[in-house]
Amino acid sequence: MVYGTSIPLKVLLFIWKSLLIRIPSSHNLMARGILSNDELTCCICEREVETASHISLGCDKAQLVWYYCYRWLGMVSVIHYNFADQMKNFKGMALKTNV
């Protein structure tokens, strides 16, 4: 845990890396010359290019996680395709609840 928050460090690091678009996605690894163009497909849904945005928001499994987070908080929301917007929305909505 990080001092002053109940969010685990690994979650905060994932959020920070997502906001900076530094998640080691297939797309980022290809840009660094680590992977080839043949290896860009998301290993979870196997349908789209694995970008930082896709991992965090676009993949069906990621959308399911967001759905359950909002449901747990008793809220209904729209999933944004910009991670910074999604985090602002989620933070604003979570602060309004008594969880």
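Residues numbered from 1 in each chain as written. Predicted model: local features only at pLDDT ≥ 70, side-chain atom pairs only at ≥ 80, totals over all residues. Heavy atoms only, no water.

(A) Examining the overall build of the chain more closely. Within the chain, the regular secondary structure consists of five helices and zero strands. Looking at the chain residue by residue over its 99 residues, the buried ones come to 29%. The contacts in the chain between residues at least 6 apart in sequence include a share of 29% that link residues at least 24 apart. (Helix = DSSP H or I, 4+ residues; strand = E, 2+ residues; numbered from the N terminus. Buried < 20%, exposed > 50% of the residue type's maximum accessible area, 1.4 Å probe, protein only. Contact = heavy atoms within 4.5 Å.)

(B) Quick peek at a nonpolar patch on the surface. Taken together, the side chains of Leu9, Leu13, Trp16 and Leu20 make up a nonpolar region of the molecular surface, amounting to roughly 410 Å² of accessible area. You can see Trp16 is positioned in helix 1 (residues 9–19). Accessibility expressed as a relative area gives 51% for Trp16, which makes it exposed. (Patch = residues over 30% accessible without salt bridge, like charges linked within 9 Å, V, L, I, M, F, W, Y side chains within 5 Å. Areas by Shrake-Rupley, 256 points an atom, 1.4 Å probe, with all protein chains shown as cover. Salt bridge = Lys/Arg side-chain N within 4 Å of Asp/Glu carboxyl O.)

(C) Expanded view of unusual backbone geometry. At Ile21, a position not held by glycine, the phi torsion is positive, near 55°. Relative to the assigned elements, Ile21 resides in the loop between helix 1 and helix 2 (26–31). When its relative accessible area of 52% is taken as the criterion, Ile21 is described as exposed. Look at Glu46: it is not a glycine, yet its phi comes out positive at around 55°. Tracing the chain through its elements places Glu46 in the loop between helix 2 and helix 3 (52–58). Since its relative accessible area comes to 61%, Glu46 is described here as exposed.

(D) Focus on the pattern of salt bridges. If you walk through the whole model with that rule in mind, you get one salt bridge. Here Asp60 ties to Arg47 by a salt bridge, and the two come within 2.3 Å at their closest N and O atoms. Of this pair, Asp60 sits in helix 4 (residues 60–72) while Arg47 sits in the loop between helix 2 and helix 3; the two residues are 13 residues apart in sequence, bridging distant segments of the chain.

(E) Examining the side chain of Ser18 more closely. By the secondary structure assignment, Ser18 is in helix 1. Judged by relative accessible area, Ser18 falls into the buried class, the value being 5%. A polar contact of 2.8 Å, which involves the side chain of Ser18, links it to the backbone oxygen of Phe14. In contact with Ser18, other than residues within four places in its own chain, are Ile23, Ser56 and Phe83. (Polar contact = N/O pair within 3.5 Å; in protein donor to acceptor, adjacent residues only side chain to side chain.)

(F) Quick peek at the nonpolar core. Core analysis: the largest hydrophobic core is formed by ten residues, namely Ile15, Leu57, Trp66, Tyr70, Leu73, Met75, Ile79, Phe83, Met87 and Phe90. Mapped onto this core, the elements with two or more residues apiece are helix 4 and helix 5 (83–95). It is helix 5 that contributes the most residues to this core, three residues altogether. (Core = buried A, V, L, I, M, F, W, Y, C linked by side-chain atoms within 4.5 Å.)

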